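Here is how the chains run, residue by residue.
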Amino acid sequence: GQGPKAEKLIVNSTRAGDWVLLQNCHLAKSWMPTLESIVAGFSEPKPDAPAIHDEFRLFLTSFPASYFPVAVLQNGLKLTNEPPRGLKANLGRTYE
């Protein structure tokens, strides 16, 4: 899968100050424990780990999933995008 590539990208970006966007995280169920440990390392870095660049950002997209790590949700900002209710409102949003 894409897990090792994502992990390498996150590690390199923490040093360089880049932004990382991981889309559709709900599709990587087996990689969620790894993501959780990576994010936990941000607040509890190892003594020999390099400092995290101030400009580094990690963005994740996901559908709601029961297996998504609670610690990741609790330690980040959350945005939601919900479709408007009803056909008329949904079509109105399409043409905005």
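Here is a short report on the structure shown in this document.

Here is what the cut-offs are and how they apply
Residues numbered from 1 in each chain as written. Predicted model: local features only at pLDDT ≥ 70, side-chain atom pairs only at ≥ 80, totals over all residues. Heavy atoms only, no water. 1 Å grid on protein atoms, 1.4 Å probe; cavity = no way out; pocket = protein on both sides within 12 Å on 5 of 7 lines; lining within 4 Å. Points joined across faces, edges and corners; volume = space filled by probe spheres on them. Helix = DSSP H or I, 4+ residues; strand = E, 2+ residues; numbered from the N terminus. Nonpolar A, V, L, I, M, F, W, Y, C, P; charged D, E, K, R; others polar. Patch = residues over 30% accessible without salt bridge, like charges linked within 9 Å, V, L, I, M, F, W, Y side chains within 5 Å. Areas by Shrake-Rupley, 256 points an atom, 1.4 Å probe, with all protein chains shown as cover. Salt bridge = Lys/Arg side-chain N within 4 Å of Asp/Glu carboxyl O. Buried < 20%, exposed > 50% of the residue type's maximum accessible area, 1.4 Å probe, protein only. Core = buried A, V, L, I, M, F, W, Y, C linked by side-chain atoms within 4.5 Å. Contact = heavy atoms within 4.5 Å. Pairing = 2+ DSSP bridges. Right-handed = clockwise from strand over helix to strand, strands pointing away. Phe/Tyr/Trp six-rings, centres within 6.5 Å; stacked < 30°, edge-to-face > 60°.

**Here we look at the layout of surface pockets**
Size it by volume and the largest pocket reaches roughly 1,000 Å³. Around the largest pocket sit 23 residues that line it, and Leu60, Thr61, Leu77, Lys78 and Leu79 are the ones nearest its centre. Those elements that place two or more of their residues in the lining of the largest pocket are helix 2 (32–43), strand 2 (57–60) and helix 3 (70–74). Among the elements that line the lining of the largest pocket, the one with the most residues is strand 2, at four residues. Looking at the lining of the largest pocket residue by residue, the classes come out as 13 nonpolar, seven polar and three charged. Approximately 440 Å³ is the volume found for the second largest pocket. In terms of lining, the second largest pocket is formed by 17 residues, of which the most central are Val11, Ile38, Gly41, Phe42 and Ala49. Each residue belonging to the lining of the second largest pocket can be placed in one class, and the counts come to nine nonpolar, three polar and five charged.

**So, a nonpolar patch on the surface**
Together, Trp19, Leu21 and Phe59 line one region of the surface with nonpolar side chains, adding up to about 360 Å² of accessible area. Relative to the elements of secondary structure, Phe59 occurs in strand 2. For Phe59, a relative accessible area of 39% gives the class partly exposed.

**Some words on the nonpolar core**
Membership of the largest hydrophobic core comes to 13 residues, with the highest contact counts inside it found for Ile10, Leu22, Trp31, Met32 and Leu35. When residues in this core are grouped by element, the largest group, four residues, is from helix 2. For Ile10, the residues in contact, after removing those within four places along its chain, are Val20, Leu22, Trp31, Ile38, Phe42, Phe56 and Leu58.

**Topic: unusual backbone geometry**
A negative phi angle characterises most non-glycine residues, just as the trans form characterises most peptide bonds. Within the chain, Asn24 stands out as a residue other than glycine whose phi angle is a positive 55°. Inspection of the secondary structure puts Asn24 in the loop between strand 1 (19–22) and helix 2.

**So, the pairing of strand 2**
By the bridge criterion, four bridges tie strand 1 to strand 2 in an arrangement that is parallel. In the sheet register, Leu22 faces strand 2, and the bridge partner there is Leu60. Note on the crossover from strand 1 through helix 2 to strand 2: the handedness is right-handed.

**Re the packing of aromatic side chains**
One pass over the structure, following the stated rule, counts two aromatic pairs. Ring centres 5.4 Å apart and planes at 50° place the aromatic pair Trp19 and Phe59 in the tilted group. Residue Trp19 is found in strand 1, and its partner Phe59 is found in strand 2; the two are separated by 40 residues along the sequence. Centroid distance Phe42 to Phe56: 5.5 Å. Interplanar angle 70°. Geometry classified as edge-to-face. Within this pair, whereas Phe42 is found in helix 2, its partner Phe56 is found in the loop between helix 2 and strand 2, the two being separated by 14 residues in sequence. Classification of Phe42 by relative accessible area gives partly exposed; the value is 28%. For Phe56, a relative accessible area of 9% translates into the label buried.

Purely geometric numbers; function is a separate question.
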